[in-house]
Amino acid sequence: MAKYKRRADGRYYTLVNTGKYDDNGKPIRIPLYASSSKKLEEKVGELKTDLRRGTYANDNGITLAEYAKVWFKATKENKVSPATARDYLATINNHFDQIGEFRLMDLKKSDIELQLNQPGISKETRRRITLTIKQILEAAIDDGLLYRNVARGIRAPKPARSSREPLSDAEKTALKKCSFSPMESAFVHILFGCGLRRGEALALMPSDIDFRRRCIRVSKSLSHVRGKEIKETKSEASRRSVDTPDWLLMELKAYLSENTSLYLFHDTAGQMMNDATFRRFWKRIVDKINAAMGGNESLRLTHLTPHTFRHNYATMLYYSDVDVKEAQRLLGHANISVTLEIYTHLREDHNTADKINSIAL
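What this report covers is the structure whose coordinates are included nearby.

Conventions adopted
- Residues numbered from 1 in each chain as written.
- Predicted model: local features only at pLDDT ≥ 70, side-chain atom pairs only at ≥ 80, totals over all residues.
- Heavy atoms only, no water.
- Helix = DSSP H or I, 4+ residues; strand = E, 2+ residues; numbered from the N terminus.
- Rg over C-alpha atoms; globule rule 2.2 N^0.38 Å.
- Buried < 20%, exposed > 50% of the residue type's maximum accessible area, 1.4 Å probe, protein only.
- Contact = heavy atoms within 4.5 Å.
- Pairing = 2+ DSSP bridges.
- Phe/Tyr/Trp six-rings, centres within 6.5 Å; stacked < 30°, edge-to-face > 60°.
- Axes fitted to C-alpha atoms, helices over the stretch in contact; angles between N-to-C directions.
- Parallel < 35°, antiparallel > 145°, perpendicular 65-115°, else oblique.
- Nonpolar A, V, L, I, M, F, W, Y, C, P; charged D, E, K, R; others polar.
- Polar contact = N/O pair within 3.5 Å; in protein donor to acceptor, adjacent residues only side chain to side chain.
- Core = buried A, V, L, I, M, F, W, Y, C linked by side-chain atoms within 4.5 Å.
- Arc of directions from axis to C-beta.
- Disulfide = S-S within 2.5 Å.

A closer look at the overall build of the protein chain
Item 1. When helices and strands are tallied, the protein chain shows 14 helices and eight strands.
Item 2. Compactness check: the protein chain gives a C-alpha radius of gyration of 29 Å against a globular reference of 21 Å for 361 residues, more than 25% above the reference.
Item 3. Its C-alpha atoms give the protein chain principal-axis dimensions of roughly 100 × 60 × 45 Å.
Item 4. When each of the 361 residues of the protein chain is scored for burial, the buried share is 40%.
Item 5. In the protein chain, 59% of the contacts between residues at least 6 apart in sequence involve partners at least 24 apart.

Topic: the sheet that holds strand β2 (residues 12-21)
Item 1. Ordered by their spatial adjacency, three strands build an open sheet running β1-β2-β3, and the pairing between neighbours is antiparallel. Each edge of the open sheet is held by one strand with a lone partner, namely β1 (5-6) and β3 (27-34).
Item 2. Sheet topology places β1 next to β2; two bridges connect them, and they run antiparallel. Of the residues in β2, the one forming a bridge with Arg-6 is Tyr-12.

Structural notes on the packing of aromatic side chains
Item 1. In total, this model carries 11 aromatic pairs according to the counting rule given.
Item 2. Pairing Trp-282 with Phe-309 gives two aromatic rings, centres 6.1 Å apart and planes at 85°, and the pair type is edge-to-face. One end of the pair, Trp-282, is in helix α10 (residues 275-292); the other, Phe-309, is in helix α11 (residues 306-319), with 27 residues separating them in the sequence. Neither residue differs from the other here; Trp-282 and Phe-309 are each classed as buried.
Item 3. Centroid distance Tyr-318 to Tyr-319: 5.2 Å. Interplanar angle 80°. Geometry classified as edge-to-face.
Item 4. The rings of Phe-187, Phe-265, Phe-278, Phe-281, Trp-282 and Phe-309 are connected pair by pair, giving a single aromatic cluster.

Structural notes on the sheet that holds strand β5 (residues 215-218)
Item 1. Taken together, three strands build an open sheet; the order of strands is β4-β5-β8 and the sheet is antiparallel. Pairing within the sheet leaves two strands with one partner each, and these edge strands are β4 (209-210) and β8 (240-243).
Item 2. Here two bridges tie β4 to β5, and the two strands are oriented antiparallel to one another. Within β5, the position partnered with Ile-209 by the bridge is Ile-216.

Side note on the packing of helix α2 (residues 64-77) against helix α5 (residues 123-142)
Item 1. Two elements in contact, α2 and α5, have axes whose closest approach is 10 Å; the angle formed by their N-to-C orientations is 85°. Of the possible angle classes, the one that applies to α2 and α5 is roughly perpendicular. Counting all contacts with α2, which are made through Leu-64, Tyr-67, Ala-68 and Trp-71, the residues of α5 involved are Thr-132, Gln-135, Ile-136, Leu-137, Ala-139 and Ala-140.
Item 2. Considering only residue class, the contact of α2 with α5 consists of eight nonpolar, two polar and no charged.

Comments concerning the side chain of Thr-130
Item 1. Tracing the backbone shows Thr-130 in helix α5.
Item 2. Look at Thr-130 and you get buried, because its relative accessible area is 3%.
Item 3. Within the structure, the side chain of Thr-130 is placed 2.8 Å from the backbone oxygen of Arg-126, a separation counted as a polar contact.
Item 4. In contact with Thr-130, not counting residues within four places along its chain, are Leu-116, Ile-154, Arg-155 and Ala-156.

With respect to unusual backbone geometry
Item 1. Despite not being glycine, Asn-60 has its phi angle at roughly 55°, a positive value.
Item 2. With respect to the helices and strands, the residue Asn-60 is situated in the loop between α1 (37-53) and α2.
Item 3. Although it is not a glycine, Arg-214 adopts a positive phi angle of roughly 55°.
Item 4. Given the relative accessible area of 44%, Arg-214 is considered partly exposed.

Describing the pairing of β8
Item 1. Alternating positions in β8 separate cleanly, Arg-240 and Val-242 being buried on one face and Ser-241 and Asp-243 remaining unburied on the opposite face.
Item 2. By the bridge criterion, four bridges tie β5 to β8 in an arrangement that is antiparallel. Within the sheet, the bridge partner assigned to Arg-217 lies in β8 and is Ser-241.

Concerning the nonpolar core
Item 1. Counting residues in each nonpolar core, the largest one holds 51 residues, and the members touching the most others are Phe-187, Ile-190, Leu-196, Phe-265, Trp-282 and Phe-309.
Item 2. Considering each element in turn, this core owes the most residues, eight residues, to helix α7 (residues 182-194).
Item 3. When neighbours within four sequence positions are excluded, Phe-187 is seen to be in contact with Arg-198, Ala-201, Leu-202, Phe-265, Phe-278, Phe-281, Trp-282 and Ile-285.

Side note on helix α6 (residues 169-177)
Item 1. When we look at burial in α6, the residues that qualify are Glu-171, Ala-174 and Leu-175. Taken around the axis of α6, the buried residues stretch over an arc of 110°, which confines them to a single face. Exposed positions of α6 whose direction lies more than 90 degrees from the buried face are Asp-169, Lys-176 and Lys-177.
Item 2. Elements in contact with the buried residues of α6: α7, α10 and α11.

A short note on the side chain of Asp-208
Item 1. Among the secondary structure elements, Asp-208 is positioned in the loop between α8 (198-202) and β4.
Item 2. A distance of 2.9 Å separates a polar atom in the side chain of Asp-208 from a polar atom in the side chain of Lys-220.
Item 3. Every residue in contact with Asp-208, bar those within four places of it in the chain, is listed here: Ala-203, Cys-215, Ile-216, Arg-217, Ser-219 and Lys-220.

With respect to the state of the cysteines
Item 1. Under the definition given, this model contains zero disulfides.
Item 2. Here Cys-178 stays free of any disulfide, with the sulfur of Cys-194 as its closest cysteine sulfur at 19 Å.
Item 3. Accessibility expressed as a relative area gives 0% for Cys-194, which makes it buried.

Written as structure tokens, this is what we have:
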């Protein structure tokens with residue numbers, strides 16, 4: 001009697017038991033087909049080896065492009081930031097042209113490297129492609145479509161070190177000379193004294209200022225990626241209470257006595273700012289700082305961004321000997337490596353020899 005059944009189409013067929021059961025308690029069997037009994041026997045042997053080693057997977061014919069859409073939808077629903085979602089989608093839509101039609105199981109490391117080495121791709125774009133593909137293939141493993149990630153051995157280029165610097169002495173001096181409006185002054189000084197992200201500051205409400213505990217509570221953020229909207233903070237670590245200097249609390253108390261809006265920073269109608277309104281608001285602030293430094297429209301002496309103030313705040317923490325763990329909490333970094341990178345960069349600017357020479361018996 002033949003070991004394997006021959007179908008009407010001429011192919012040989014069998015079911016291989018995986019040793020697992022579905023939700024209804026029925027054994028899970030994998031169908032196999034081959035043009036001859038010998039080839040089917042070989043397939044059965046390979047499959048049983050994979051099952052024994054735990055390396056069996058079946059992509060069901062799904063291509064990388066098809067699965068990337070599934071992955072993106074799930075990732076987006078996991079509430080990544082709008083900016084992160086936008087970057088993922090741009091990477092999938094614009095940089096999978098060489099590999100998108102490959103079946104997941106057919107994709108090789110060399111295929112990915114060819115995609116990464118396409119002409120005109122910047123170092124930063126190559127980094128984003130690598131990180132995105134790695135995440136997609138890891139998810140495919142979790143879904144049982146792959147048993148290994150062929151992109152794991154590909155090293156993503158390191159992100160370029162930020163060229164952002166803290167406030168210069170000239171900018172700090174100019175801040176004291178500026179004739180800011182009460183709202184402009186409150187915004188700039190919250191960035192300076194608390195190191196909040198732009199969106200965190202713009203989402204603040206009067207109830208977020210805790211005068212008794214002398215802190216500002218950060219629990220939300222304003223995003224302009226898809227227009228005007230309030231959203232959750234960047235991460236769980238971003239939800240925090242930031243100790244606030246007394247001079248800033250005094251200024252905020254005076255400002256709040258005149259503010260009638262639900263928001264600390266708002267448009268002329270008392271509503272939270274949209275992107276265009278904020279850009280005009282920030283331009284007025286920078287123009288005033290520029291003028292206080294002796295510049296004008298044709299002579300720009302400063303190009304400040306809200307993040308410059310955040311970096312300046314991190315710098316102040318370092319020089320005030322605030323330990324890195326506490327700095328992580330105040331800055332709202334989810335990963336301490338981000339804080340450590342800032343501290344390491346600042347430490348490199350120190351003269352270590354002078355520090356060592358200052359050690360006395």
